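# Report on the structure
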Number of protein chains: 2
Amino acid sequence: MRGAVTTLDDLLAPQSIAIVGASEDKRRIGGRPLAHMIEQKFDGPVYPVNAKRDVVQGLDAYPSVADLPTDVDFVLIAVPAKGVGDVVRQAAAKNAKTVLIFSSGFAEVGGDGIAMQEDLQAIASETGVRVIGPNCLGAFNSALNFYPTFTSTIDRATPTPGGISIISQSGAYGSHIYMVSHMRGLGIRYWLTTGNECDVNVSDIIKLYAEDENVHTIAAYAESIKDGPALIDALETARANRKPVIIMKVGRSEVGAAAASSHTASLAGEDRVYDAVFRQYGAYRARSTEEMLDIAYACRPRIYPTGNRVGLVTISGGAGVLMSDAADDYGLDVAPMPDDAQAQMKEILPFAAPRNPVDVTAQFFNDLSLVPRFTKLMLERGNYDGLIGFWTSVAGSPLLAEPLITSLKQAMAEDDDVCFIQSIIAPAEIQAQYEEAGFPCFEDPTRAVAAMSALMRFGMSFGAAAVDRPDIPTAIELPDGALSEGDAVSILVDAGLPMAVGMLATGPGGAELAVEQLGGERFVVKVASEDIQHKTEVGGVRVNVAAGEIAAAYKEVVANAERHAPHADVFGALVVPMAPAGVDCILGAKVDPVFGPVVMFGLGGIFTEVLEDVALRHAPVSVATAHEMINELKGVAVLKGARGADPADFGALAEAISRFSVFAAANAHQIASVEINPLRALPERCLGLDALIVKASGDHVG
Amino acid sequence: MRGAVTTLDDLLAPQSIAIVGASEDKRRIGGRPLAHMIEQKFDGPVYPVNAKRDVVQGLDAYPSVADLPTDVDFVLIAVPAKGVGDVVRQAAAKNAKTVLIFSSGFAEVGGDGIAMQEDLQAIASETGVRVIGPNCLGAFNSALNFYPTFTSTIDRATPTPGGISIISQSGAYGSHIYMVSHMRGLGIRYWLTTGNECDVNVSDIIKLYAEDENVHTIAAYAESIKDGPALIDALETARANRKPVIIMKVGRSEVGAAAASSHTASLAGEDRVYDAVFRQYGAYRARSTEEMLDIAYACRPRIYPTGNRVGLVTISGGAGVLMSDAADDYGLDVAPMPDDAQAQMKEILPFAAPRNPVDVTAQFFNDLSLVPRFTKLMLERGNYDGLIGFWTSVAGSPLLAEPLITSLKQAMAEDDDVCFIQSIIAPAEIQAQYEEAGFPCFEDPTRAVAAMSALMRFGMSFGAAAVDRPDIPTAIELPDGALSEGDAVSILVDAGLPMAVGMLATGPGGAELAVEQLGGERFVVKVASEDIQHKTEVGGVRVNVAAGEIAAAYKEVVANAERHAPHADVFGALVVPMAPAGVDCILGAKVDPVFGPVVMFGLGGIFTEVLEDVALRHAPVSVATAHEMINELKGVAVLKGARGADPADFGALAEAISRFSVFAAANAHQIASVEINPLRALPERCLGLDALIVKASGDHVG
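Quick look at the structure, then. (Residues numbered from 1 in each chain as written. Chains lettered and ligands numbered in written order. Predicted model: local features only at pLDDT ≥ 70, side-chain atom pairs only at ≥ 80, totals over all residues. Heavy atoms only, no water.)

## Things to note about the sheet that holds strand β21 (residues 541–546) of chain A
Note: strands within a sheet are paired through backbone hydrogen bonds, in either parallel or antiparallel orientation. All names here are of chain A. This is how it is decided: In short, DSSP must find at least two bridges between two strands for them to pair. The secondary structure listing takes helices from DSSP runs of H or I that are at least 4 residues long and strands from runs of E that are at least 2 residues long, numbered from the N terminus. Lines fitted to the C-alpha atoms define the axes, with helices restricted to the stretch that makes contact. Angles between their N-to-C directions range from 0 to 180 degrees.
Read across the sheet, four strands follow the order β19-β22-β20-β21 without closing on themselves; strand pairing throughout is antiparallel. With one partner strand each, in any of the chains shown, β19 (503–505) and β21 form the two edges of the open sheet. Between one strand and the next, the sheet's axes are offset by a mean angle of 30°, whatever the strand orientation. Note: strand β20 (residues 522–527) against β21, four bridges, orientation antiparallel. Within β21, the position partnered with Val525 by the bridge is Arg542.

See the structure below:
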């Protein structure tokens, strides 16, 4: 039954609740959620279950779920691990849609705990009841005063419903994120911690949030993703519904990953694959909680600029410089105003800096009309996708705040679809006025720029249609046994890739015949043997061989191989036309344990080996995405023709990357990795010179 | 008189003040500082100067400074630019130590303004009066209620004296920084904006702050530094006095630098040179105001860890992972606890994560003694230089805060010299209790880690003695005219650098003789001519020439040069032994307009040209600093022997870098640039194969 259609209402909008292990002591984990429900006035029956008491916190208690007088939608479980399975079965019998398990002592402690968790999973599958946890801190739905959680945060900070919803694998840290949100005045509708994820996981909840009309922005914290394809599906749903997903995936570093795996006992996966997937499917990866909540806050007006041109308007030249630096750090385009519009500004105010950043100077104090006049010009003539204003504490002064807000609104009257973030220092009640007028506010101008860049990322991602992914054809049939280089080359040629194709010669005469048929002046001769992995090391390769010397070269490589690898089965030599000089790249794919097929492109040699300068994507990718991959390499200048060389054919490279990724995706179930190395980039084409396909030895995510 | 000994008291602790252009209207720039002095009760005579009024804001006014009844220490000037020079002269005549000029219309507007500013400079030199500004927003000394500024911030946020002092080139942004500091409860002693810096500049003030016993932490904002050596001197003083300097040098990016130069009309200088100088002299370069003030705040206990080992203790596994990632981002060492100490922790609490991050888990709620016991073990056995605790809102609960503070203090009883930062969420009054106990507090754990990394940077920098800089010998005498490659090589050989030395041959026979004398098997033959810059392009270079073919090679390169560069004066060819294959590096130096001699080291080819992977330092550098430079290259793996090659001789490279830097520093006044390219790194030495010295064509900072 896992995978049955579940809605967020099934999980977090029950009509009735049972709390198993309900305690009289409001500070205990079985007491606190009951107290929350009572104090926050949950509207529906709440049944304490406690074998030793008739009444708990003033409510009639029942000895077990089976003894409840009616069916119940939601069962909260706070009893020792060994009793949990029975309770879940009883809950299913009472037609509960969902159980939420606080209890720890499952997979996170290893040993028997693992088996007990597998039992829970089996019960969930059998009965169709959805399980949140075990080992989680709970959840809430603030709109229904539904607080099945033992975090004490709720007492000190009662949630206000709002458009943001939070999903966290970590209970304690999820609590922290909620608390900070609350202190910032962010309304949180749903909050859910998944703990050990024996059934419901982070990806499921992101998808349910993405489908729920009450959720506008999704903030997620994860230490490991168990089901990569489900996450991709969830992110695609969020994007289709124009809902920003801001995700903290921790364990980025080696030391962090080690800490995460000791914490959750699950594999962290390769961090740069996460990075690639988040970017590819439009999620914003935040590096701190501050950054995550800054962005969630800035999303409140739901204006997502569709480009990265930013206009900066300030009353401090210094702030303009600072914000320009920050914009550059975040890859935004601080494009200048058109010359004639600059001249117009200079006419209005000779001391103004009109280029962008636009500095209205302290003259602003004397003439507030400068703000709408300058801003209007920026909107009409600068073609900016978003604006940031810097007004510092001036904006918070009781005298100036109101006229400034009026001015800003006036400027935006015809452009209320443009995002305008304000960097101000103001008392809370004044800041609220800016926010009501539609302007997100940040004290720190650098944080304002960072938030704008995230909004732009979302806007550009929403603006693009669904991720442009080529169709995946059916898998090919792989020959039996290990694949030789020749096998790999011909498989890739069939997949439409430009490989340097040679001919197999089984004697010196065959080599001469090959040269005649292939044509050309210079050749590579490589010994052909499935038993020799590193042909160069046994003297089995000769390059730059003239046509007339081909027979000698044939004899030499075969003799070398026979001498240095006496036990190898040598069945001849491959004769391949020598490729012209160019830039050697690497095109590879492997099957990631979390996300499945991943394609990698980079420059060869030190770029890949020393600098790890490679572009990664979940496969397959379109030609357009392949172009993005090429251009994100630090070493792209080499392909563009550094040091006087001709530029490489980017179109041919992108085409090859896309086709290669399609091949990898189609065959992800049967290959462990596939590589074209080198893929030589040339001015009018590219050419794969060598290839390797390693078959899958076990099961892989497909 | 510029450069006369001035103390901060001379600038900011006057006994008496005159305000020229004093206005009755408290909102005008001539009215506001007068109102500040009156409202804040400056303790000393304040003389309004106003030709049109007898009384201003209740005080007797005087028609001019010359008409004042007595001498005056400090004259504040808020009159139009053209009258400013006269006022400064009058102030000098009244024995003023300092004038501060609000007036704009000087160098920032160009034209006549530049001349007027030069006049001010001349008056300052002549009379010895120190000038702050013009075009500045003022300054303050909060301990003396001295507020010569027209920022309205003072009205809304009266400063509290404290150990932090602020210096800013930008007035409006300086005001913003002050306001944010104030809101964060940071006590600010001195605040000064320098405006156009016709006399007093940012470097001067950093040095005066560094020398003043009331200042413990220096926060600086700059758009351009006019006098690089003065800044270096100031930073060295601050380091010697163990005072952190946190500097925002904006205009990092191209677009930011363009905005800065339009704002301050001064050259931004090369940003990566600033980066190198800040790092080298121990200043922390902050990228945002938030970061700057976070660090200034964390400096309050004045505990600067002398290493980068950080211990993380949490009640949330998730926070531990997150902080580990952040620590890795900042280059901190999240070193594990010793195994036996981990076992000890497991005995105390079986579910604890004891490695580092150490997770005391929610068990902490039941047994607060876990905190001192675990923390003590971390201090005693983990050998950490600093600790960060994560307690989130639990730490702010009225019930838990006091026992937690007591626990933390108890743990630290014998280690009160260890820095312990807490990540907590607490109401202001509770946070103040943590702070009083000596613990800096951050809501966001990532910001806590960032602040710790800055404290560690300072501690390690203070711990190192003064910057270890070699002595600079006297300059050499350069030959007249442009320098040939041969000149450059022999000059560098004299400077102790390992250059491949060849012999000049003036005919084929001479080439044969050279081969005999030099010894070896393979040679490079290069045409010798001062008129040919790019010898390879005219066919003037042959490499890998066997001894027996040297005469033919000689003839060939000379003939090629004569054919392709018919007007060049060719006087023979240089014969140089061929160096063994190795890793080609570049060692260069140039004279930066702001900071003087700068040495650069990098790997050749794409590393330098495409990736800009170079290490820079102000010259000269010690061998130890040279090792740092080598190791900070991204491509250092290539020198360590990537792809199976032998590792290069780091010691020989570092020695060469240091000697080269000494040469550059000694001759900075007479050279524009000097380069050894390639400097070939070999397993047991390094060898310069080619060199170029370009003489200075004009004046340079030396």
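## Here's the deal with the sheet that holds strand β17 (residues 419–424) of chain B
All names here are of chain B. Reading across from one edge, β15-β14-β16-β17-β18 is the order of the five strands in this open sheet, with parallel pairing throughout. In this open sheet, the two strands that pair with only one neighbour each are β15 (358–359) and β18 (441–442). Here five bridges tie strand β14 (residues 310–314) to strand β16 (residues 386–392), and the two strands are oriented parallel to one another. What sits directly across from Val313, in β16, is Gly389.

## So, helix α22 (residues 623–631) of chain B
Residue and element names in this part refer to chain B. Filter applied, for reference: Exposure is judged per residue with a 1.4 Å probe applied to protein chains only, and the accessible area is read against the type maximum: over 50% gives exposed, under 20% gives buried, and values in between give partly exposed. By construction, the arc corresponds to the directions joining the helix axis to the C-beta atoms. Contacts are residue-level and defined by heavy atoms, with any inter-residue pair within 4.5 Å sufficient.
The complete set of buried residues in α22 reads Thr625, Ala626, Met629 and Ile630. Summarising the axial view, the buried residues of α22 lie within an arc of 145°, below the 170-degree limit, and thus occupy one face. Looking at the buried residues of α22, the elements they touch are β24 (596–603), β25 (614–618), α23 (636–639) and α24 (650–666).

## A closer look at the state of the cysteines
All names here are of chain B. Selection rule: Cysteine sulfur atoms are paired as a disulfide whenever they fall within 2.5 Å.
Taken as a whole, this structure holds zero disulfides over all chains when the rule is applied. The thiol of Cys441 is not disulfide-bonded; the next cysteine sulfur, from Cys419, is found 11 Å away. On the basis of relative accessibility, which here comes to 4%, the residue Cys441 falls in the buried class. For the unlinked cysteine Cys585, the closest cysteine sulfur is that of Cys686, found at 8.0 Å.

## Focus: the side chain of Thr314 of chain B
Residues and elements named next belong to chain B. This is how the line gets drawn: Here a polar contact is taken to be a pair of N or O atoms separated by no more than 3.5 Å, where protein atoms must pair a possible hydrogen donor with a possible acceptor and residues adjacent in sequence count only if both atoms sit in side chains.
Position of Thr314 relative to the elements: it lies in strand β14. Classification of Thr314 as buried rests on a relative accessible area of 0%. Within polar-contact distance, the side chain of Thr314 engages the backbone oxygen of Ser316 at 2.8 Å. Not counting residues within four places of it along the chain, the set of residues in contact with Thr314 comprises Ala319, Gly320, Met323, Val358, Asp359, Val360, Thr361 and Phe390.

## A word on the relation of the copies chain B and chain A
Under the convention used in this document: A least-squares superposition brings the copies together, and it is based on the C-alpha atoms of residues with pLDDT no lower than 70 in both.
Of the transformation placing chain B onto chain A, the axial shift is 0.0 Å and the rotation is 180°, giving an RMSD of 0.2 Å. As the rotation angle and translation indicate, the two copies are arranged about a two-fold axis. A shared binding surface is used by both copies, with 100% of the interface residues of chain B retained as interface residues in chain A.

## Some details on the interface of chain B and chain A
To be explicit about the condition: Throughout, buried area stands for the accessible area (probe radius 1.4 Å) lost by two parts on being put together, summed over both. The salt bridge definition used is simple: a Lys or Arg side-chain nitrogen within 4 Å of an Asp or Glu carboxyl oxygen.
Each side of the interface is counted separately: chain B has 64 residues, and chain A has 64 residues. Across the chain B to chain A interface the summed buried area is about 5,100 Å²; carbon plus sulfur atoms make up 64%. Here chain B and chain A share eight salt bridges between them. A salt bridge links Asp329 of chain A to Arg252 of chain B; the nearest nitrogen and oxygen atoms lie 2.8 Å apart. The interface formed by chain B and chain A includes 19 residue pairs in polar contact (both at pLDDT 80 or more).

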